[in-house]
Amino acid sequence: TEKFMPFVTELDFATGKLNPEGHVITRNLSHMKDMYYDQEAVRQLLGQNPLIYVVYNVVVPETAAHIQHCVTILYPGKVGNEYFMTKGHYHEVLDRAEIYFCLKGKGQLLMQTQDGAFASIDMVPGSVAYVAPEWAHRTVNTGDEPFVFFAAYPGDAGHNYGDIETEGFAKLSVEQNGEAVLVDNPRY
Ligand code: M6P
Ligand code: ZN
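Parameters at a glance
Residues numbered from 1 in each chain as written. Chains lettered and ligands numbered in written order. Predicted model: local features only at pLDDT ≥ 70, side-chain atom pairs only at ≥ 80, totals over all residues. Heavy atoms only, no water. Salt bridge = Lys/Arg side-chain N within 4 Å of Asp/Glu carboxyl O. Helix = DSSP H or I, 4+ residues; strand = E, 2+ residues; numbered from the N terminus. Buried < 20%, exposed > 50% of the residue type's maximum accessible area, 1.4 Å probe, protein only. Pairing = 2+ DSSP bridges. Axes fitted to C-alpha atoms, helices over the stretch in contact; angles between N-to-C directions.

1. Observations concerning the pattern of salt bridges
Reasoning step 1: A full pass over the atoms with the stated rule returns seven salt bridges.
Reasoning step 2: The partner of Glu-165 in a salt bridge is Lys-87, with the nearest N and O atoms 2.9 Å apart. Here Glu-165 is found in helix α2 (residues 162–167), whereas its partner Lys-87 is found in the loop between β7 (82–83) and β8 (98–104), with 78 residues between them in sequence.
Reasoning step 3: For Glu-165, a relative accessible area of 40% puts it in the partly exposed group.

2. A few points about the sheet that holds strand β3 (residues 23–28)
Reasoning step 1: Read from one edge of the open sheet, six strands run β3-β4-β5-β13-β8-β11, paired in antiparallel fashion. For this open sheet the edge positions go to β3 and β11 (128–131), each flanked by a neighbour on one side alone. Between one strand and the next, the sheet's axes are offset by a mean angle of 20°, whatever the strand orientation.
Reasoning step 2: Examined bridge by bridge, β8 and strand β13 (residues 147–154) share five bridges and lie antiparallel to one another. Looking at β13, one finds that Cys-102 is bridged to Phe-149.

By themselves, these are just geometric observations and shouldn't be taken as functional.
In structure tokens:
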């Protein structure tokens with residue numbers, strides 16, 4: 001069999017973009033409108049349909065031998081009081097872990113398990129967070145500039161959005177008096 005050849009991707013620290021860009025995923029509000037709590041605020045913003053985040057994925061085979069890696073640029077903003085966030089997911093192969101490395105901006109990494117545990121980690125440039133096996137993960141931009149982080153995870157992990165699309169996370173990250181706070185998600 002042919003050897004898979006080593007290669008490099010350049011990450012621009014100023015913008016977070018990869019070169020080559022790889023597989024690019026863009027998510028606007030319309031792609032995740034049911035995931036925000038304040039549905040009246042969603043309706044008001046949908047005309048404008050803001051870009052919430054972009055993921056640049058280095059393309060490697062989706063097998064356990066490989067390591068998927070990507071950069072996410074999560075833009076600043078809110079839907080009502082709730083900060084812009086990623087959809088969040090469990091891994092399809094549930095016990096696959098992940099590493100998040102914050103390069104720019106600031107945010108929160110929200111995590112939860114199927115048996116009801118919840119955890120959050122504040123991310124600033126230099127924070128290297130370990131998403132342990134079996135924990136769902138979502139990021140939130142709590143700052144006023146793009147929150148940029150690099151992620152790496154086993155090639156066969158996959159993404160399972162199912163549980164999260166319907167119930168969300170146990171906590172919402174909202175602005176209260178200029179501060180980011182976690183409150184119970186009434187829909188959870
Ligand atoms: C990180 C990684 C990716 C993920 C992306 C966006 O970069 O965890 O695998 O796709 O965040 O998150 P989501 O897929 O939950 O929208
Ligand atoms: Zn993941």
